[in-house]
Amino acid sequence: MTAESLSADLADKPAVLTALAERFPRWDPYAALPALLEDEPAAVRLLGLGAARHVCETAAARLRRAGVAASAERASSAEEPPAGPETLVVGVSLGGGQRELATVLDRYVARSPVIVLTPDPDALVTGLADLVVPLHAGAESAGLGCGAFPHAMALTLLLGHRLGAPVSGSSRNFPGLLHRAANATRALLAEAPRWVPEAARALDSPDGVHLVAPAERLSSAGQGVRVMRGGPVRVAHAVETGEWSHTDRFLAAVTDYRALLFAGSAYDERFAEHLGQLRGRFVAVGPTPGRESVPGAELTVRYPGDTDPDVNLLVEPLVAELVAAHWWHASGR
């Protein structure tokens, strides 16, 4: 694992997203779903660790909007809810957490239908699945799941649509969503030399960095934290935008507080106002409701399609990943 390997993984993202898009419609990862489920599942349990759990939480929230009893839990949880043919179990791996995921999925073998999404179709955990969905994210040398993350997010959203979750934004045309995400990723990478050094300077603090995101896109903050901790080994925390004023606001009063805000919450301006009063600094990604940028941001990073929530889910973590790669290169480690 090196800064160079992380940068190489990030540079590959547009190509692997495009390659995934081009697998459709010939490839249907959920063609076997009707054979697994006699009827609509009474419950869906999604399991993962770290950033994979955040992917699960996003998919579960969408399913709940459709009235499906969906939950997202840590694969390391010892809880054992009732199993049965009416409960669909979905395990998500971005490459790590195999031991924990295998342990929890073993409880469901021959009791509930099990789907596993993984970047490695030959991983041990796939032996516990009734249906294996390869992420087709390519080989990642840094081992931080930067390529696997958007693929897992996209394919869990697609699974949600098959189970009745509402379709919104670009998801109405799934290959089109992947192409839009690839184009937006390509644009961010092309502009990176212009904005990454400035963002890295604004976010650099001995007290770490806080990644702030709306509840619907908290996964973006979770993936960013994973890469910042695992790559340059920076102190990094994730927090939901609306909750920020009730939790992290107190830290901003006593630390050199820096934040990367994934904009789009109704509480963006309250966050910005409170952080400004406490002399904190932040960089924003994307527009805020009713405005092209969040007032008070030292820098606003934009990309094509950043008003589409589905594109955001697949693309915006790259901002944090690129800053992490910059810090890692600068550290000389």
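See the structure above.
This write-up is about the structure you can find in this document. As the structure is a prediction and not an experimental result, all values here were calculated from the model.

Here the focus is the overall build of the chain. Summing up its helical and strand segments, the chain has 12 helices and 10 strands in all. What you see for the chain is a C-alpha radius of gyration of 19 Å, in line with the 20 Å of a compact globule of 333 residues. Reported as C-alpha extents along the three principal axes, the dimensions of the chain are approximately 55 × 40 × 35 Å. Nonlocal contacts in the chain, meaning residues at least 24 apart in sequence, comprise 72% of its contacts between residues at least 6 apart. Put simply, the chain shows about 13500 Å² of open surface, and 51% of that area lies on carbon and sulfur atoms. Positive and negative side-chain charges of the chain, numbering 30 and 38 respectively, have mean locations separated by a distance of 4 Å.

Pairing in this open sheet of 5 strands is parallel, and the strands run β2-β1-β3-β4-β5 from one edge to the other. Of all the strands in the sheet, just β2 (69–74) and β5 (131–134) have a single pairing partner and so form its edges. This sheet shows a mean twist of 20 degrees between the axes of neighbouring strands, independent of strand direction. Examined bridge by bridge, strand β3 (residues 87–92) and strand β4 (residues 114–118) share 4 bridges and lie parallel to one another.

Residue position: P82 is located in the loop between β2 and β3. Separated by 26 residues in the primary sequence, P82 and Y108 have C-alpha atoms spaced 9.6 Å apart.

Moving on to the layout of surface pockets. The volume enclosed by the largest pocket comes to roughly 320 Å³. In terms of lining residues, the largest pocket is bounded by 17 residues, among which T58, A61, A215, E216 and R217 are the most central. Considering each element in turn, the lining of the largest pocket owes the most residues, 8 residues, to helix α3 (residues 51–65). Grouping the constituent residues of the lining of the largest pocket by class yields 7 nonpolar, 4 polar and 6 charged.

At a closest axis distance of 8 Å, the pairing of helix α7 (residues 218–230) and helix α12 (residues 317–331) adopts a crossing angle of 15 degrees. Relative to α12, the element α7 is oriented roughly parallel. Here the hand of the crossing between α7 and α12 comes out right-handed. Between α7, through S220, Q223, G224, V227 and M228, and α12, the contact on the second element is made entirely by P317, A320, E321, V323, A324 and W327. A breakdown of the residues in the contact of α7 with α12 according to their chemical character gives 7 nonpolar, 3 polar and 1 charged.

Parameters at a glance
- Residues numbered from 1 in each chain as written.
- Predicted model: local features only at pLDDT ≥ 70, side-chain atom pairs only at ≥ 80, totals over all residues.
- Heavy atoms only, no water.
- Helix = DSSP H or I, 4+ residues; strand = E, 2+ residues; numbered from the N terminus.
- Rg over C-alpha atoms; globule rule 2.2 N^0.38 Å.
- Contact = heavy atoms within 4.5 Å.
- Areas by Shrake-Rupley, 256 points an atom, 1.4 Å probe, with all protein chains shown as cover.
- Lys, Arg positive; Asp, Glu negative; His and termini not counted.
- Charge placed at Lys NZ, Arg CZ, Asp CG, Glu CD.
- Pairing = 2+ DSSP bridges.
- Axes fitted to C-alpha atoms, helices over the stretch in contact; angles between N-to-C directions.
- 1 Å grid on protein atoms, 1.4 Å probe; cavity = no way out; pocket = protein on both sides within 12 Å on 5 of 7 lines; lining within 4 Å.
- Points joined across faces, edges and corners; volume = space filled by probe spheres on them.
- Nonpolar A, V, L, I, M, F, W, Y, C, P; charged D, E, K, R; others polar.
- Parallel < 35°, antiparallel > 145°, perpendicular 65-115°, else oblique.
- Left-handed = near helix turned anticlockwise from the far one by under 90°.

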